[in-house]
Amino acid sequence: KGQRRIFNFLQYGKTKAAILMASRGSGKSVGCSAAAAALICSRPCSVGLFGANLEKAIKLNRTIRHFIGNSVFSRWIDKKIDSKREFHLKFPDSWCCGNPSSETARGDHYDYGLVDEMSIIDNRIFKGVIYSTFRRRGIHWIGLSTPAGAKGVFWQYWNNSGPGKRHTRLMITIEDQDWLE
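In this description, an aromatic ring pair is defined by two values, namely the gap between the centres and the angle between the planes. Inspection of every chain in the model, using the stated rule, returns nine aromatic pairs. Residues F73 and W76 carry aromatic rings whose centres are separated by 4.9 Å and whose planes lie at 50° to one another, so their mutual orientation is tilted. Here F73 falls in the partly exposed class, since its relative accessible area comes to 29%. A ring pair is formed by W141 and Y157, whose centres lie 5.4 Å apart and whose planes are at 85°; its orientation type is edge-to-face. Pair noted here: W141 is in strand β7 (residues 140–145) and Y157 is in helix α5 (residues 152–159), with a separation of 16 residues, a long-range link. One exposure class covers both W141 and Y157, and it is buried. Three or more aromatic residues joined by ring pairs form one cluster here, namely F126, Y131, W141 and Y157.

Right, let's talk about the pairing of strand β6 (residues 112–116) for a bit. Most of β6 sits inside the fold, with five of its five residues counted as buried. Here β6 shows no split at all, with Y112, L114 and D116 on one side and G113 and V115 on the other all buried. One ladder, built from four bridges, connects strand β2 (residues 46–51) with β6; its direction is parallel. When the sheet's bridge partners are listed, G48 is paired in β6 with G113. Note: β6 against β7, five bridges, orientation parallel. Looking at β7, one finds that L114 is bridged to I142.

Rules of the game
- Residues numbered from 1 in each chain as written.
- Predicted model: local features only at pLDDT ≥ 70, side-chain atom pairs only at ≥ 80, totals over all residues.
- Heavy atoms only, no water.
- Phe/Tyr/Trp six-rings, centres within 6.5 Å; stacked < 30°, edge-to-face > 60°.
- Buried < 20%, exposed > 50% of the residue type's maximum accessible area, 1.4 Å probe, protein only.
- Helix = DSSP H or I, 4+ residues; strand = E, 2+ residues; numbered from the N terminus.
- Pairing = 2+ DSSP bridges.

Spelled out as structure tokens, the structure:
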């Protein structure tokens, strides 16, 4: 249920952003990675991954690549462009790139975005660097985290989301966590 909700938001969401809140160790990153892998295989697109640091971004990229590499779509992986941070699919001409949440994330622009551990990302970095890679193309992006108190960019977006707002709230409960089975 949870993974399906994430995938449906990415493909058909009426708002451009979703803020996903779930408890620690609940599989937020894995669920979003599975949804991103399904999306990458379904249409030509680019997905920007932002982790709290480069190591976390590489882990997200590896997880998505693992899902694709262990599926019928594995033959589409372009072996020429397959690194820790980035991989490409020959068909449907999609690519995925992991970035640290720092000043070095500038440059690329993505069709879809995944911001992991958003509550610990510095507001200045999110608004000045990461968000600019999204809004140029008007893409769909998901910010996921466990809250770190009533502060930071994750908290601001969570409080400015919901029915009739610019952002969608996705709260994943234990009953929604079908990807863990």
